[in-house]
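Per-entry structural report
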Amino acid sequence: MILALDTSTAYASAALFDGEALRAETSWETGTAATAQLLVVVEHLMRLADCRPADLRGIAVALGPGSFNGLRVALSLGKGLASALGLPIVGFPTPDIAAYPFSSLVLPVCAILKAGRNRLICTRFQTRYGRWQRVSDFRNLTLEALIEETDRTTVFCGEIDREMAAALQERLGRHALLASAALSARRAGYLAEMAWRRLEEDPKGDDLVALEPLYLSLPRLGGTGAAREEED
């Protein structure tokens, strides 16, 4: 059984997956309360799935980019469980989870996360040479910049509110294909499925000590680079 945890943003999710079926999953708007909520949710899921910690095969966590504090909630709990139970742990970038349900498409896909301060974290994906892959860096930019750089039909998914959707449709017209709210929901079930496949190939998973969240800084005049994202 894989336990998957994602508290990257104000939208959180947790799931249990046994390699064949999603045994239990829940997703919710956590705001800033993920610290108090996540362990309670995990205990509830394990009761629903009628499983115990000894039934777990591995832990999967979302690494961000995302909220500075939120990312640490899932990663801390995931690392704690992996250490205590002697389990492998695997981490995946949060945009990869958001884009996962669209991996069979030929069209480019842009996964969007809200970064606060009217900024967005945008990452592009596409099937190239027969393989689904990330084709851009994790970028911290404005909606205006995202619209200006989009020059072909693209599927947009992720944390897209009504105002953002209206702007994308108005400015890009037929070049903007917006995923529905349900399809855009970032589900831990996707993360768990990704982790199961990864552990089938590499049973050791990631280095427990070295595994860290991904953060992006706001763009700075005269330079670029990665740093901590301070927005919660």
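As a reminder, the structure under discussion sits directly above these lines.
A brief report on the enclosed structure follows. What you see is a predicted model; the values in this text were computed from it and never measured. Counting starts from 1 at the beginning of each chain's written sequence and moves along it residue by residue. The predicted origin of the model limits local features to residues at a pLDDT of at least 70 and limits the giving and counting of side-chain atom pairs to 80 or more, whereas totals for whole chains, interfaces and linings rest on all residues. Excluded from the side-chain calculation are hydrogens and water; included are all heavy atoms of the structure.

Turning our eyes to something else, we now look at the packing of helix α1 (residues 34-48) against helix α2 (residues 68-85). Where α1 meets α2, the closest approach of the two axes is 9 Å, and the angle between their N-to-C directions is 40°. Here α2 runs oblique to α1, going by the angle between their axes. Crossing geometry of α1 relative to α2 is assigned as right-handed. Contact residues: Ala-34, Thr-35, Leu-38, Leu-39 and Val-42 in α1; Val-73, Ala-74 and Leu-77 in α2. Simply put, an axis is a line fit to the C-alpha atoms, just over the touching stretch for a helix, and the angle between two N-to-C directions goes from 0 to 180 degrees. In this description a helix means any DSSP run of H or I spanning at least four residues, a strand means any run of E spanning at least two, and both kinds are numbered starting from the N terminus. We call two directions roughly parallel when the angle between them is under 35 degrees, roughly antiparallel when it is over 145, roughly perpendicular when it lies between 65 and 115, and oblique otherwise. Throughout, a crossing is termed right-handed when the near helix is turned clockwise from the far one, and left-handed when it is turned anticlockwise from it by less than a right angle. We call two residues in contact when some of their heavy atoms are within 4.5 Å.

This next bit is on the nonpolar core. Definition of nonpolar core: a set of buried residues of the types Ala, Val, Leu, Ile, Met, Phe, Trp, Tyr and Cys, connected through side-chain atoms within 4.5 Å. Note on exposure labels: buried denotes an accessible area under 20% of the residue type's maximum, exposed denotes more than 50%, and partly exposed covers the range between, all computed with a 1.4 Å probe on protein chains only. Ranked by internal contacts, the top residues of the largest apolar core, which has 28 residues, are Leu-5, Leu-16, Leu-38, Leu-56, Ile-59 and Val-61. For this core, the secondary structure elements donating two or more residues are β1 (2-6), β2 (11-17), β3 (22-29), α1, β4 (58-62) and α2. Looking at which element gives the most residues to this core, the answer is α1, with 6 residues. With sequence-adjacent residues up to four places away left out, Leu-38 is seen in contact with Leu-5, Thr-7, Trp-28, Val-73, Ala-74 and Leu-77. Judged by nonpolar contacts, the second largest core, of 18 residues, contains Ala-15, Ala-62, Tyr-100 and Leu-199.

Below, the discussion takes up the sheet that holds β3. Pairs of strands are assigned from DSSP output, requiring at least two bridges between the strands. Overall, mixed pairing links the 5 strands, which are arranged β3-β2-β1-β4-β5 in an open sheet. The open sheet has two free edges, formed respectively by β3 and β5 (89-92), since each of these has just one partner strand. Strand-to-strand twist across the sheet, computed as the mean angle between neighbouring axes with direction ignored, equals 10°. With respect to the sheet, α2 is in contact with β1, β4 and β5, its orientation differing from that of β4 by roughly 165°.

Bringing the packing of aromatic side chains into the picture now. In this analysis, rings of Phe, Tyr and Trp, with Trp reduced to its six-membered ring, are considered paired at centre separations within 6.5 Å, and the interplanar angle assigns stacked below 30 degrees, edge-to-face beyond 60, and tilted for intermediate values. Counted by the stated rule, this structure contains 4 aromatic pairs. Ring geometry for Phe-17 and Trp-196: centres 6.0 Å apart, planes at 90°, overall edge-to-face. Here Phe-17 is found in strand β2, whereas its partner Trp-196 is found in helix α7 (residues 188-201), with 179 residues between them in sequence. An identical accessibility class is assigned to Phe-17 and Trp-196; each is buried.

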